[in-house]
Each structure stands twice: as structure tokens, then as C-alpha cells.
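Okay, here's what each chain looks like letter by letter:
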Amino acid sequence: MTAANAVLVLLWISITSYAVLAGADFGGGIWDLFSGSTSRGMRQRLRIAASIGPVWEANHVWIIFALVILWTGFPPVFAAIMSTLYIPLTLVAFGVIVRGSSFALRQAAPQLALKRAFGPGFAIASLVTPFFLGTVAGAMASGRVPPGIARGDTLLSWTGPTSLLGGVLAVAGCAYLAAVYLCVDARRDGEYDLVEVFRKRALIAGAVCALIALAGIDVLRLDAPRLYHGLLGNGLPILLASAALSSAALLLLWRRMFAFTRILSALAVVTVLWAWAVAQYPDLLVGSTTVAQAAAPAATLTALIIAVAIGSVFLVPSLALLFWMVRLPRTVDARQKVES
Amino acid sequence: MIAANVITDNLTAARAQMGVSLGWHIIVASLGVGFPLVILVAEWRALRRRDDAALRLARTWSRTAGVLFAVGAVSGTIISFEMGILWPGLLGTYGSVIGLPFALEGIAFFIEAIFIGIYLYGWDRLSPRLHLLSGIPVAIAGIASAFFIVTANAWMNDPQGFRLVAGKVVDPNPLAAMFNPATPAETIHLLLASFMVTGFVIGSVYAVAMLRGRRDRYHRLGFLIPFVLAAVSTPLQIGAGDFAARYVADRQPIKLAALEGVVHTERGAGEHIGGLVINGRLRGAIVIPHGLALLAYGDPNAIVKGLDSVPPDQRPPTNTVHVAFDLMVGAGFFLLGLSSWLAWTWRRTRALPRSPWFVRGAVLAGPAAAVAMEAGWVTTELGRQPWTVYGILRTDHAVSTAPGLFAGFYVLLAVYTVLTISTLYVLRRMGVANRSALPDAVALLAS
């Protein structure tokens, strides 16, 4: 594997990690939006907040990581994407700010009335942000980003059929992942009524994802023919794996066998993204710029790979520690008594 | 071709947007660097001496820090977007040279975010000792990420580690770029500034409480722990500032000329305090003869380059830079005075100064440190203009040519206004709620 391909793999690991980890955090916000009135939706909202509270900041870092790898490893592609798609990307950035700060402020606010003030910001930004990220993905996939600075149409480039498909699929996918994770979390914490609530939502969101994906076949055939042919070619095995994984996950949910639903659902999303990557390879900008053409010189790529390798030595155990800690039961110790 | 007025409009819009984003983030990020240290000192003291006041402070502060980390994380994220949205000409060309420290910063910030999750949610899940240990990576990673990000800014002031052939980067050397001549001065200066902002700002909050008569041990300790961190950093910062100024004199003489308002090249130039350049002359300044030559070059008769040694289109906006520089230095010396007052009194009496003027000064210390941080940042960023990458890439060549950038700036302004008000309001409510909960806690302890 060339150094450029290795960096591309790192980039795609970051983007998939962002999708299955932060995607579910956005999804939590989407379900917050549909949780109903303050009193009726209270327990659902608390469940959502408890699940995403400790992890969302760490999950969020994957997008920063992806941007940094992109601008270090493939500088001209970074410039082309960010400048042509600056409108949806600016909206994503605002969505990230509103979602994150609203959530943190809502968690910290000492009174219910004040908490309620931040609810809409958190929930609506959670819905809007993945949509615009999906439109960016659609613009990339349908070859609407030309090389150079701001050479693409700043409005039409991200409002085409594939972008709308990407946006809707991203929202539905986030909602699906969140419902599955919340279902499993609720079961772990013995909240059996909430297990049923989120199971039903996971099934609905899963079915919606499947319908959008099926409709998407035609959209891609007409609007993104290069990607369409790639998906039927090199990408096909992964795409079929994705179909199998998602069917298995939905079947297990249906039969209330929750043991592997979380991992199967995450893998179903991962495989969709990798099928896209494989289908589009070697183009970074469809029809104009390949991985090799855009890659930074070898010295930079090597330094980047070494840095990430050294970083992983610290990152992997740290992440493991975080996900382990989240599952520990809360103990009310003497320290807490002093306060409450 | 791109119309010239699109570039001019975009340049104004992009600079305004970047300025607001960074100016906001730099304060929250400073708190992200310094706050973990302050909290860890309190928690360590609580464990070591079974000090309940220290424990209450550590828990209260960790909730505050939780909010600040969250808004810091998201306000930092938009900057990584803006690097491409507003300035595609910078990383689109030089990403291969200066991307590495951003990647390292990403890793450090990742570790910080992970351990913040563990620390904040670990209070009632981990043993006290393990919990204290889980805070240490937060502090280290915070300092590391600030270091890495500032090396990238240092590179913009002193670009190294590549060659340009026909406008294309060849032979990038990311390590040489990262460890450029500006790196030591800039990184030390910013880290000390972060400790000062954190310490003086938190200290200010408790100084206000003390001014209102809450002088119990909880409030005194809440004042002392952060204030001492800042007070120790202050004299070091004066030294680091001198080091940074000598660096600027050596490598960026035009920036130095703007800092000091030196219009014409001059042998044995004086140190200028205050004043404005009007019609090509510095007016209204206090001049210390030979001061600048001596401070910058160690020779009272050294030649100091003036702004007129370069063409007008290569000069930074002198008055803004000069005023910002003086503001920073002035605030720094005010804080040095306050720190010395505390040190002097503490040496003799092992207690805080009794004078209400000290407490009033301490109330002002937080805003003064924040002003110094902002002014220092304006000094270095505007002092580098018209260059984004000093001597290599002009800012008007780095800016995006996409139409309509101004809309983004107006939305940003609205979002940040609401964000600032909301954050301050929630922190204030948290403080009030915390105080009203205190009698209950005391009653519970007594029972």
C-alpha cells in the first residue's frame, strides 16, 4: 500500500468512526426532539442525556481529526471541498456549536425552566447538522466539487438529488443508530419500558433507512453514474455485506435478541461508507483528482502516519478506559453526600 | 478572473469572522489549559489533608470546567472549518508543510476530551485516588494541544521547512516547520498567558465574593489556589515577553516597528509608551531615550528599522498594533504589581493582604488578564499583516474567492452573542444554586 493510500484509510477510519459514534449522539438529539412534552418525555430525555453525556465530546473529535488528515494529506482537495461547499459546511459548524453548547448548558443549568430553554437548540441542531453533512457527502459523491478554490457552484453543488439523498439518509441513519444504542443502554440499566420505546423507533428508523437506500439506487444511477457503476463493481461485495448486516440487526431487534444489535447496526453503517469509498476509488474529487494526484509529498505523509501511530498508543487504551468507565455503576459515596 | 471587489469584501468578512471566532475561543481555550491544574491542586489538597472546602471547590470547579470545555470544544471546531472555508489558499498550498502540528494537536485534544469525560463523570464512579489520577492526562493534554497549535502560528510568523518552486511546495520538512525559530518564544508566552487568564479570572470571581463579605475559608481558598498560579506565572511572563520581543526584533523588524510606532529608521531609538502615528509621525508618546534599542538589541545605539523601510502595502496597521501592544504590557505590569503585593504580604503575615484595595485590584485582575490576552493576540496577528505566512503568502491571496462570505460573519456574530450570554447566565445560575445549597450541606455534615 502506498503512503497516500494509508493516509486515505486513516481519513476514512476517522469519518466512519465519526458516523457511528457522533452520528448516534446526533441521533440522540433527534429522539429528544420527538420525546414529547416536558413531563411525558422526561425519562426518555434523561436516558438520552445519560448515554451521550460522557462520550459526545470525545466522539466529536473524529471530525476535527478527519479535517486535519485531509488538509495535511491532501491539501488541494481540502481547499476545493471547503471553499466550494462553504455554505453547508458553515451550517454544519454552526450546528456543531449550537448542539454542543446547548447540550452542555442544559446539563449544567440548575433549574428546569432554564434547562427547557436549551432543549430546542440541542434537538433541532442535532437534526440539521447531519443533514448538511449528508449534503456535503452527496456533493462529493456526485462529482460536483471541481478542483481549485471555489470553482464549483456555491448553491447548486450541494442541492442536487444525491445531496438530498445523502442528507436524508444521514438523518435517518443517525436516528436509527441512536435508537439501537439507547435500546441496549436502557436494557443494561433496567429501564424496560424505554427498551420497548427505543426498539420500536429503531425498527421504524431502520425501515426508513432501507426505503431511502432502495430509492437511492435510482437517484445514484441518474445523478451519480460513476459512483453507481463503482458500487455495482468493486463496491458490490461490501454493499451486499451491508444489506446482510442491516437485515440481521433488524431481525434481531424484531425478535428482541439485543445481544449483537449494537455492533451489527454500527457495522451496517460502516460498510455503507466503505462501499462508497471503494466504489469511488481512486478519485478523491470525482472525475478530476485522484488520491495520487492530490497527495502531499512523501515526507509529510510519513510524518503523519508516524504521528497517528504514536498517538494511537495513547488513544486506544484511553478510549477503552472511557467506554469501560461509562458502564460502571454510579456509587453514592460520602463525597457526594456533602453536596446533595 | 475574480473581481477585485469580491476579494476586498471577502477579506474584510473573513478577517472579521476569523477574528471573532479566535478572539472568543482564545479565552475559553486558555481556561481549558489552566483550569485542570487549578482543579487538580484543589482535589489533591482535599485528598491529602481531608480538606472539605477544597473538595467542594474541586467539585464546583469541575462542573464549571465541564461547561467551559464543551463550549471550548465546539468553538474550536468551527476554527478548523474556517481554515478551509475562509482561507483555502493557506492550507490548500501549505497543508503539507504545517499540517503535522494540527494532527498532533488533534491527538492531544482527543486525549483531553476522553479524560474530561472520565474525570467529569467519574466523580461517583471511580475511587478518589483513581479519580485524581484521571485528571492528570487532562492537564497534560491541554498544555500539549496548546503547544502544538501555537507552533503552527509560529510557523506563520517564521515559515521554515520547505522550498517553493513555481508556486508549489517541494521538500516539505514538517519537523523543521514545527520547530521554527518563533516556536520557543510564542509557545512559552501563550502557555504562561493561559495560566494567567485562568488564575486571574477564577480569582476575580472569588474576589467579588470576598468584597461582598464572604471571607470564609471556602472563598479564601477558592481565591488563593487560582490566584497563586497566576501570580507565579506573571513575573515569568514578563521575562517571556522580553524574550518574545527580542525574537520579533531579530526576525520581524517591521512588526517591531509597528509595536513601537517607529516610523523612520533610527539609531538608538527610544521606547515609546502610548501615542498615535498621525501623518507619518508618532504623537503624544512618552519616550524613554535609547530604551527600545537597549531592550530589543542590548545596545543603546543599535539601529531600529522603521516602517518606512518597506513599501506602504507591506506595513501592518500601525496604530492598532501599537495601542494593543501597550495595552498588553500595561495590563501585564498591573498584574505584576498585584502579584507582588500578595507575595510581599504573604511572606510577612502568611495571610491575604487586608486592604480592600487589594481585593478591588483582584476583582479587576480577571478582566485585565483577558484584555492582555486579546491585546497580545491582536498584536501578533495584526503585526504580521499584510502577510498570512510572513514574507510568503499575503492575506489577500489566502482568502476564499467564493461569493457571499459576509452572511457567515453576521450569523456567527448572532450565534456567538447568544452563546456568550447563555454561558455567562448559566454559570451565574450555577454559582447562585451552589451557594443556596451550602447551608444544607453544612447541616448534613453536622448531623
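Below, the structure is looked at part by part.

Conventions and cut-offs
- Residues numbered from 1 in each chain as written.
- Chains lettered and ligands numbered in written order.
- Predicted model: local features only at pLDDT ≥ 70, side-chain atom pairs only at ≥ 80, totals over all residues.
- Heavy atoms only, no water.
- Contact = heavy atoms within 4.5 Å.
- Buried area = accessible area lost by both parts, 1.4 Å probe.
- Salt bridge = Lys/Arg side-chain N within 4 Å of Asp/Glu carboxyl O.
- Polar contact = N/O pair within 3.5 Å; in protein donor to acceptor, adjacent residues only side chain to side chain.
- Helix = DSSP H or I, 4+ residues; strand = E, 2+ residues; numbered from the N terminus.
- Buried < 20%, exposed > 50% of the residue type's maximum accessible area, 1.4 Å probe, protein only.

1. Re the interface of chain A and chain B
Next up, step 1: Taken together, the contacts link 73 residues of chain A with 72 residues of chain B.
Next up, step 2: Taken together, both faces of the contact between chain A and chain B bury some 6,500 Å²; the carbon and sulfur share is 76%.
Next up, step 3: Summed over the shared surface of chain A and chain B, the result is 0 salt bridges.
Next up, step 4: The tally of links from chain A across to chain B stands at 6 residue pairs in polar contact (both at pLDDT 80 or more).
Next up, step 5: For the side of chain A that touches chain B, the secondary-structure elements that each account for two or more residues are α3 (56–73), α4 (75–84), α5 (86–108), α6 (112–141), α13 (298–326) and α14 (334–339) of chain A.

2. Some details on unusual backbone geometry
Next up, step 1: Here the bond from A:Tyr281 into A:Pro282 is cis, since omega is 5°, no more than 30 degrees from zero.
Next up, step 2: Positionally, A:Pro282 belongs in the loop between α11 (261–280) and β1 (283–285).
Next up, step 3: Residues B:Gln385 and B:Pro386 are joined by a peptide bond in cis, for which omega reads 5°.
Next up, step 4: Checked against the element boundaries, B:Pro386 lands in the loop between α11 (356–384) and β9 (387–389).

3. Some details on the side chain of B:Ser204
Residues and elements named next belong to chain B.
Next up, step 1: Secondary-structure assignment places Ser204 in helix α6 (residues 183–211).
Next up, step 2: A polar side-chain atom of Ser204 sits 2.8 Å from the main-chain amide nitrogen of Gly366.
Next up, step 3: Not counting residues up to four positions away in its chain, the partners in contact with Ser204 are Ala362, Val363, Ala365, Gly366 and Pro367.

4. Focus: the pattern of salt bridges
Any two side chains of opposite charge can pair, so long as their charged atoms come close to each other.
Next up, step 1: Within the structure shown, the criterion is met by 21 salt bridges over all chains.
Next up, step 2: In this structure, the salt-bridge partner of A:Glu196 is A:Arg256, at a minimum N-O distance of 2.8 Å. Placement of the pair is A:Glu196 in helix α8 (residues 192–223) and A:Arg256 in the loop between α10 (236–254) and α11, with a sequence separation of 60 residues.
Next up, step 3: The partly exposed category is assigned to A:Arg256, whose relative accessible area is 43%.
Next up, step 4: Close ionic contact of B:Asp171 with B:Arg163 constitutes a salt bridge, the shortest N to O distance being 2.8 Å.

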